[in-house]
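# Per-entry structural report
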Amino acid sequence: MSLKEDRSPQVAFFESLIDCIEANVELGDEISLKELFQSGGIYAELGNGRTVTQYFDKKADRIMPVLFLCKNADQMMCMEYLSRICNYLTGLKQYPQGQNFKWNNAVTAAEPHKSGRDADGQYVYACMVECRIYF
């Protein structure tokens, strides 16, 4: 079994989330998982998850927060791209499911907002989406 097939539920969920966004939301670029590039773009990272309810079989409902950052010279584009992501995820009626997790919901925990401006004049915006998954 390859490492790709043997992903933890957290990694499998995060990959599924990114694939879902890139396939369905017009962002003009791919989402980086490495860093927010100097030239701009969109970046995502999985934050500190927490258990909501743990069951007798030791499976649990968990909240997995995902931070999105966008850097662009046009602050309205930053807001637009992050708003598209939030609106898409929170508006889904059915979420993609994995072999080892069930994605149940997504809510915007922090709406797109300005978090800074680089020395080169580009704006940096951030938002947070909390996803509820079960595994």
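Just above sits the structure.
Each chain has its residues counted from 1, following the order in which its sequence is written. Reporting in this predicted model follows two pLDDT cut-offs: at least 70 for local features of residues, and 80 or more for side-chain atom pairs to be given and counted; totals over whole chains, interfaces and linings ignore these cut-offs and use all residues. Heavy atoms from the whole structure form the basis of all side-chain values; hydrogens and water molecules are not counted.

## Points about unusual backbone geometry
- Even without a glycine there, the phi angle at Lys58 is positive, about 75°.
- Its place among the elements puts Lys58 in the loop between β3 (50–54) and β4 (60–72). Going along the chain from the N terminus, every DSSP run of H or I of four or more residues is numbered as a helix, and every run of E of two or more is numbered as a strand.

## Examining the packing of aromatic side chains
- The criterion for an aromatic pair is that two Phe, Tyr or Trp rings (for Trp, the six-membered ring) have centres within 6.5 Å, with stacked assigned to planes under 30 degrees apart, edge-to-face to planes over 60 apart and tilted to the rest. On inspection of all chains with the given rule, the structure shows four aromatic pairs.
- Summarising the aromatic geometry, the rings of Phe13 and Trp103 are spaced 5.2 Å apart at their centres and angled 90° between planes, so their arrangement reads as edge-to-face. Placement of the pair is Phe13 in helix α1 (residues 9–24) and Trp103 in strand β5 (residues 102–117), with a sequence separation of 90 residues. Grouping residues by exposure puts Phe13 and Trp103 together as buried.
- One aromatic cluster in this structure is built from Phe13, Tyr95, Phe101 and Trp103.
- Only when the NZ atom of a Lys or the CZ atom of an Arg is both within 6 Å of the ring centre and within 35 degrees of the ring normal do we say a charge sits over the ring. Here the basic side chain of Arg62 rests over the ring of Phe135, its NZ or CZ set 3.8 Å away from the ring centre. Only protein chains enter the accessibility calculation, which uses a 1.4 Å probe. A residue is then buried if its area is under 20% of the maximum for its type, exposed if over 50%, and partly exposed in between.

## Side note on the pairing of β3
- Two strands pair if DSSP finds at least two bridges between them. Where β3 and β4 come together, four bridges link them in antiparallel fashion. Bridging from a neighbouring strand, Thr51 pairs with Arg62 of β4.
- Connecting β3 to the antiparallel partner β4 that follows it, the hairpin turn spans five residues, and Lys58 within it adopts a positive phi of roughly 75°.

## With respect to the side chain of Ser16
- The residue Ser16 is located in helix α1 in this model.
- Accessibility expressed as a relative area gives 16% for Ser16, which makes it buried.
- Residues within four places of Ser16 in sequence aside, it is in contact with Pro96 and Phe101. In this analysis, two residues are considered to be in contact whenever any of their non-hydrogen atoms come within 4.5 Å of each other.

## Structural notes on the packing of α1 against helix α2 (residues 75–91)
- Note on definitions: angles span 0 to 180 degrees between N-to-C directions of axes, and those axes are lines fitted to C-alpha atoms, for helices only across the stretch in contact. Contact pair α1 / α2: the axes reach a minimum separation of 11 Å and the direction vectors enclose 110°. With respect to each other, α1 and α2 are oriented roughly perpendicular. For α1 against α2, the interelement crossing comes out right-handed. On the side of α1, the interface is formed by Leu17, Cys20, Ile21 and Asn24, while α2 contributes Ile85, Tyr88 and Leu89.
- Throughout, the ten residues Ala, Val, Leu, Ile, Met, Phe, Trp, Tyr, Cys and Pro are labelled nonpolar, Asp, Glu, Lys and Arg are labelled charged, and all others, Gly among them, are labelled polar. Of the residues contributing to the contact of α1 with α2, the split by class is six nonpolar, one polar and no charged. Each angle gets one of four labels, with under 35 degrees taken as roughly parallel, over 145 as roughly antiparallel, 65 to 115 as roughly perpendicular, and the rest as oblique. Crossing handedness is read from the near helix: turned anticlockwise from the far helix by less than a right angle, it gives a left-handed crossing, and turned clockwise, a right-handed one.

## Regarding α1
- The first and last C-alpha atoms of α1 sit 22 Å apart over 16 residues, in line with the 22 Å expected at 1.5 Å per residue.
- Restricting attention to buried positions, one finds in α1 the residues Pro9, Ala12, Phe13, Phe14, Ser16, Leu17, Ile18, Cys20 and Ile21.
- Looking at the buried positions of α1, the neighbouring elements they touch are β1 (31–32), β2 (41–46), β4, α2, β5 and β6 (123–134). Multiply 1.5 Å by the residue count of a helix minus one, and that product is the helix's expected span.

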